[in-house]
Amino acid sequence: MEKTVQLYEGKAKKVFATEQDDLVIVSYKDDATALDGLKKGTIAGKGAINNRMSNYLMQLLEKQGVKTHFVEELNDRETVVRKVSIVPLEVIVRNISAGSFAKRYGVAEGIVFDEPTIEFSYKNDELHDPLINSYHALALKLATKEEIATIKEMAFKVNEVLKEYFLTLGVKLVDFKLEFGRLADGTIVLADEISPDTCRFWDAKTNEKLDKDRFRRDMGGVEDAYKEMMHRVFG
């Protein structure tokens, strides 16, 4: 499978067309951004780690009945995925209070919820991805009622599978962001990535942060945290 023209470049990835209309190649970068793009930097090796980990987790989810865009890993940084039109909703599932949730509602980080929460952001850089609810999403025609129900169901299933999986690696899945896309026939599939860029991972014993928060908060040890997650997943 060969890249033809570049279709898109985002903060963390580039997307290329291929000779097949329904397939694209995603290429992961080492660039890192945080705080709504105000903070920029590079995390050495991040692209390869996120690519490989994301592909592994997508395949794990496929086995559990979650449809994803994954097709084939080409090399450390590049993967063939099904072409989707992204539903402009960022879907955030939370198991433990952290980050913007703790800040927004004035609670401490680390409170374990009785059951997971879900929230939507309108995926729109100009508006800084504002929080919205499902009624807003319907009013703005971002998705249909059926699509929202499917997305919620899939997001909770992803949480169930991954939470259990990461605990076997000695990692708490604190929260994570998902994106979904529509295939040409309208089928909703999990798209984007699942990585230390999009998830909060804490060591199950020490609560040490093993994700992009180390970059966001200038904690140091960013590369080491990503490598540690890679090591836990692939051994």
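Check the entry above for the structure.
Caption draft 1: Region of interest: the packing of aromatic side chains. Counted by the stated rule, this structure contains six aromatic pairs. Taken together, a centroid distance of 4.7 Å and an interplanar angle of 50° make the contact between Phe166 and Phe201 tilted. Note that Phe166 is positioned in helix H4 (residues 145–168) and Phe201 in strand S14 (residues 199–203), a separation of 35 residues in sequence. Overall, the relative accessible area of 0% leaves Phe166 in the buried class. Grouping aromatic residues by their ring pairs yields a cluster made of Tyr56, Tyr165, Phe166, Phe201 and Phe234. A cation sits over an aromatic face here: Lys3 above Phe16, 4.7 Å from the ring centre.

Caption draft 2: How the structure looks around the layout of surface pockets. For the second largest pocket, the calculated volume is near 150 Å³. Taken together, Asn95, Ile96, Val112, Phe113, Asp114, Glu115, Pro116, Lys163, Leu167, Lys172 and Leu173 form the lining of the second largest pocket. Elements with a minimum of two residues in the lining of the second largest pocket: strand S9 (89–96), strand S10 (112–122), H4 and strand S12 (171–182). Counting residues per element, the lining of the second largest pocket draws most heavily on S10, which supplies five residues. Residue classes in the lining of the second largest pocket are distributed as six nonpolar, one polar and four charged.

Caption draft 3: Seen up close, the side chain of Ser195. Note on placement: Ser195 falls in the loop between strand S13 (188–191) and S14. Those residues in contact with Ser195 that lie beyond four places of it in its chain are Asn50, Met53 and Phe201.

Caption draft 4: Summary view of the nonpolar core. Counting 48 residues, the largest nonpolar core has Phe166, Leu178 and Phe180 as its most contacted members. Sorting elements by how many residues they give to this core places H4 first, with nine residues. In contact with Phe180, not counting residues within four places along its chain, are Ile86, Val87, Val91, Ile151, Met154, Ala155, Ile188, Val189, Leu190 and Ala191.

Caption draft 5: Spatial organisation of H4. Look at H4: 35 Å from first C-alpha to last across 24 residues, which is about the 34 Å you get at 1.5 Å a residue. Of all the residues in H4, the buried ones are Glu147, Ile148, Ile151, Met154, Ala155, Val158, Asn159, Val161, Leu162, Tyr165 and Phe166.

Caption draft 6: Inspection of a nonpolar patch on the surface at higher detail. On the surface, Tyr105, Val107, Ile111 and Leu131 cluster together into a nonpolar patch covering about 330 Å² of accessible area. With respect to the helices and strands, the residue Leu131 is situated in strand S11 (residues 131–132).

Caption draft 7: Geometry of the pairing of S12. Buried residues dominate S12, accounting for 10 of its 12 residues. Pairing of strand S8 (residues 85–86) with S12 involves two bridges; the strand directions are antiparallel. Note on S12: the bridge partner recorded for Ser85 is Arg182. Examined bridge by bridge, S9 and S12 share four bridges and lie antiparallel to one another. Paired with Val93 across the two strands is Phe176, which belongs to S12.

The rules behind these values
- Residues numbered from 1 in each chain as written.
- Predicted model: local features only at pLDDT ≥ 70, side-chain atom pairs only at ≥ 80, totals over all residues.
- Heavy atoms only, no water.
- Phe/Tyr/Trp six-rings, centres within 6.5 Å; stacked < 30°, edge-to-face > 60°.
- Helix = DSSP H or I, 4+ residues; strand = E, 2+ residues; numbered from the N terminus.
- Buried < 20%, exposed > 50% of the residue type's maximum accessible area, 1.4 Å probe, protein only.
- Lys NZ or Arg CZ within 6 Å of the ring centre and 35° of its normal.
- 1 Å grid on protein atoms, 1.4 Å probe; cavity = no way out; pocket = protein on both sides within 12 Å on 5 of 7 lines; lining within 4 Å.
- Points joined across faces, edges and corners; volume = space filled by probe spheres on them.
- Nonpolar A, V, L, I, M, F, W, Y, C, P; charged D, E, K, R; others polar.
- Contact = heavy atoms within 4.5 Å.
- Core = buried A, V, L, I, M, F, W, Y, C linked by side-chain atoms within 4.5 Å.
- Expected span 1.5 Å × (residues − 1).
- Patch = residues over 30% accessible without salt bridge, like charges linked within 9 Å, V, L, I, M, F, W, Y side chains within 5 Å.
- Areas by Shrake-Rupley, 256 points an atom, 1.4 Å probe, with all protein chains shown as cover.
- Salt bridge = Lys/Arg side-chain N within 4 Å of Asp/Glu carboxyl O.
- Pairing = 2+ DSSP bridges.

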